[in-house]
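# Working through the structure, step by step
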Amino acid sequence: MKKTVLLVCCSFSILLSKAQDSTSTTSKPQEVAATETGAENKGKFSFSGYIDSYYSGNLNNPRSRSNLGAAGTARVFDQRAGQISLGLVQTKIGYSTDKVDMMLDLTFGPNADLGNYGNVIGPLGQGTTTLAIKQAYINWKTSDKFSIMVGQFGTHIGYEVIDAPVNYNYSLSNLFNNGPFYHTGIKGTYAFSDKASLMLGIVNNVDNWRDNNKAKGIIGQFFFSPVSGWNVYLNGIVSNEANPDSTGKAVKGMYSVFDLTTTYQITEKFYLGLNAAVGSQKEDFQGYAPVKAGTSKWSGVAVYTNYAFTGKFGLGARYEYFDNKDGARGLRNFLGQGTSVNSITLTGNITAADGNLIIKPEFRIDSYAKPAGSNTAESQQFEDSDGKFTKSSQSTLGLAFIYKF
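Rules used in this analysis
- Residues numbered from 1 in each chain as written.
- Predicted model: local features only at pLDDT ≥ 70, side-chain atom pairs only at ≥ 80, totals over all residues.
- Heavy atoms only, no water.
- Helix = DSSP H or I, 4+ residues; strand = E, 2+ residues; numbered from the N terminus.
- Buried < 20%, exposed > 50% of the residue type's maximum accessible area, 1.4 Å probe, protein only.
- Contact = heavy atoms within 4.5 Å.
- Areas by Shrake-Rupley, 256 points an atom, 1.4 Å probe, with all protein chains shown as cover.
- Pairing = 2+ DSSP bridges.
- Salt bridge = Lys/Arg side-chain N within 4 Å of Asp/Glu carboxyl O.
- Phe/Tyr/Trp six-rings, centres within 6.5 Å; stacked < 30°, edge-to-face > 60°.
- Lys NZ or Arg CZ within 6 Å of the ring centre and 35° of its normal.
- Core = buried A, V, L, I, M, F, W, Y, C linked by side-chain atoms within 4.5 Å.
- pLDDT = per-residue confidence, 0-100.
- Lys, Arg positive; Asp, Glu negative; His and termini not counted.
- Polar contact = N/O pair within 3.5 Å; in protein donor to acceptor, adjacent residues only side chain to side chain.

Attention now moves to the overall build of the protein chain. When helices and strands are counted, the protein chain shows three helices and 18 strands. Expressed as a percentage of its 405 residues, the buried residues of the protein chain come to 45%. When contacts within the protein chain are restricted to residue pairs at least 6 apart in sequence, long-range pairs at least 24 apart make up 62% of them. Element-wise, carbon and sulfur atoms account for 61% of the exposed surface of the protein chain, whose accessible area totals about 20,000 Å².

One ladder, built from seven bridges, connects strand β10 (residues 217–224) with strand β11 (residues 230–240); its direction is antiparallel. Opposite Gly-220, over in β11, you have Gly-236 as the bridge partner. The antiparallel hairpin formed by β10 and β11 contains five residues in its connecting segment, where Gly-229 sits at a positive phi of about 90°. As paired elements, β11 and strand β12 (residues 254–265) share eleven bridges and run antiparallel to each other. What sits directly across from Val-238, in β12, is Ser-256.

Here the focus is the pattern of salt bridges. Under the counting rule described, the total for this entry stands at ten salt bridges. For the salt bridge of Asp-101 with Lys-141, the shortest nitrogen-to-oxygen distance reads 3.1 Å. Of this pair, Asp-101 sits in strand β3 (residues 100–108) while Lys-141 is found in strand β6 (residues 132–141), placing the two residues 40 residues apart along the sequence. Residues Arg-364 and Asp-366 are paired through a salt bridge, measuring 3.1 Å at the closest nitrogen-oxygen approach. Residue classification places Arg-364 among the buried residues on the basis of a relative accessible area of 1%. Residues joined in a network through salt bridges with shared partners are Arg-75, Asp-78, Arg-364 and Asp-366.

As a further point, take the pairing of β3. By the bridge criterion, eight bridges tie strand β2 (residues 83–96) to β3 in an arrangement that is antiparallel. Within β3, the residue paired with Ile-93 across the bridge is Leu-104. In this antiparallel pair of consecutive strands, β2 and β3, the connection spans three residues. Pairing analysis gives eight bridges linking β3 to β6, with the strands arranged antiparallel. Bridge pairing in β6 places Leu-104 opposite Ala-136.

With the rule as written, the count across this model stands at 16 aromatic pairs. Seen from their ring centres, Phe-223 and Tyr-233 are 5.1 Å apart, and the 35° between their planes marks the pair as tilted. With Phe-223 in strand β10 and Tyr-233 in strand β11, this residue pair connects regions lying ten residues apart in the sequence. Ring centres of Phe-309 and Phe-313 lie 5.8 Å apart, and the angle between their planes is 25°; this geometry places the pair in the stacked category. According to the relative accessible area criterion, Phe-309 is partly exposed, its value standing at 46%. Taken together through their ring pairs, the aromatic side chains of Phe-146, Tyr-190 and Phe-192 make up a single cluster. The ring of Phe-153 is capped by Lys-187, whose NZ or CZ atom sits 4.5 Å from the centre of that ring. The side chain of Arg-329 reaches across the aromatic face of Trp-298, ending 5.1 Å from its centre.

In this structure, Ile-237 and Tyr-255 are the most contacted members of the largest nonpolar core, which totals 25 residues. Every element with two or more residues in this core is listed here: β7 (146–154), β9 (196–203), β12 and β14 (295–308). Here this core takes three residues from β14, the largest share from any one element. With near-sequence residues (within four places) excluded, Tyr-255 lies in contact with Gly-179, Pro-180, Val-206, Ile-237, Val-238, Ser-239, Glu-241, Ser-280, Gln-281, Phe-285, Trp-298 and Arg-329. Within the second largest apolar cluster, 15 residues are counted, among which are Tyr-50, Leu-172, Ile-358 and Ala-400.

Moving on: the confidence of the model for the protein chain. Residues of the protein chain with pLDDT of at least 70 account for 85%, and the chain-wide mean is 87. Low pLDDT (under 50) marks residues 12–39, which in the prediction has 20 contacts with non-local residues, meaning those over four places away or in another chain.

As for its position among the elements, Met-103 is in strand β3. Of the residues examined, Met-103 reaches a relative accessible area of 17% and is grouped as buried. A sequence separation of 32 residues divides Met-103 from Gln-135, and the C-alpha atoms of the two residues are 7.2 Å apart. What Met-103 contacts, discounting residues up to four positions off in sequence, is Lys-92, Ile-93, Gly-94, Gln-135, Ala-136 and Tyr-137.

Within the secondary structure, Asp-207 is located in the loop between β9 and β10. Within the buried set, Asp-207 has no salt-bridge partner at all; the shortest N-O distance to an opposite charge, 5.6 Å, is to Arg-329. Here Phe-181 takes part through its backbone nitrogen, which lies 2.8 Å from a polar atom of the side chain of Asp-207. There is a polar contact of 3.0 Å between the side chain of Asp-207 and the backbone nitrogen of Tyr-182.

This next bit is on the side chain of Thr-91. Here Thr-91 lies in strand β2. Thr-91 sits in the buried class, given a relative accessible area of 17%. Excluding anything up to four places from it in sequence, Thr-91 contacts Phe-47, Ser-48, Gly-49, Leu-104, Asp-105, Leu-106 and Phe-108.

A few words on unusual backbone geometry. Residue Pro-180 is reached from Gly-179 by a cis peptide bond, and omega for that bond is 0°. Mapped onto the fold, Pro-180 is located in the loop between α3 (174–177) and β8 (182–193). The phi dihedral of Arg-65 is positive, around 60°, even though this residue is not glycine. Tracing the backbone through its elements, the reader meets Arg-65 in the loop between β1 (44–58) and β2. Within the chain, Ala-353 stands out as a residue other than glycine whose phi angle is a positive 50°. Within the secondary structure layout, Ala-353 lies in the loop between β16 (339–352) and β17 (357–368).

So, in structure tokens, the structure goes:
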């Protein structure tokens, strides 16, 4: 791993030197022009964000009113049924010049804890995070082709993001739920053209501002666009996420995820997307031990499609299969075993108030594999109205209101 980190550092140095060389002949005339005209390179502030609120109803009518299932991991944000809930409040502050971008992305509200994985202890105890740093980074544009970002930034892996206005579906997929979510470190991106780029980076670990060991992770992304409207992202991370042993010695426990995300705007109205990922884990993940000894694996695939019937109304569907039979991730059944799930989500998108207000009615069904063996009638994934876990599937109806500014 140390050799790999050194290789990435060398790559940064080579790309940076080439980027600076490529601009050395053009920067001087620009500097002269600025001096002659007295022009100043002033920066520009930006301010944006959103507020979302939702209602979720569960057709199983669980006594606890929970959508989380037996293992408590079936949903990320929309966890409570039978009530109107505040989701997330985001404020994003940016400052940009020709050479540097600065971004401070803050979240507030009940989902701030849930969106800040690995750091769920608020200033007044667990569940009291009223302010969470989702992203805070500096992006240095060394040239028109190469940039370096340092700080805390959202993960490059996956199709969906935390931000409700960006995703077509309101409820988040199991591929998103099982991470990663964000990283703290440094990464460099080189644009070969407007149709291809390469990113490499070094990060502390996954989803935690406290590094649980001294090892560093390697992240990467290759982007290319074969034709207009079709984007392809090949993503990866390799990192030792195992905690040190009882004597403080390092443990070699490798965590890796390799991910394909692709989107295609087939027509002006019809959109298609695909996300497929495979992950593996050896030893524990920051103290969280998998069910299976040795190397555990998980994988998933999700297909997305949406159609815009008018400029103000569209309908989208997501089908997803997630396999965690080895029990490496948090998605487990009533017995604590690894499991698998098929999910179908139908979401409407209605825009109002000059496009700032988005209303999303949604229906979702999750169907889990039944535990093997006899006498498991009350060992299923979801709770019924009597408080017993007799349901292997769950259907929810939701309505979300999102205002972006």
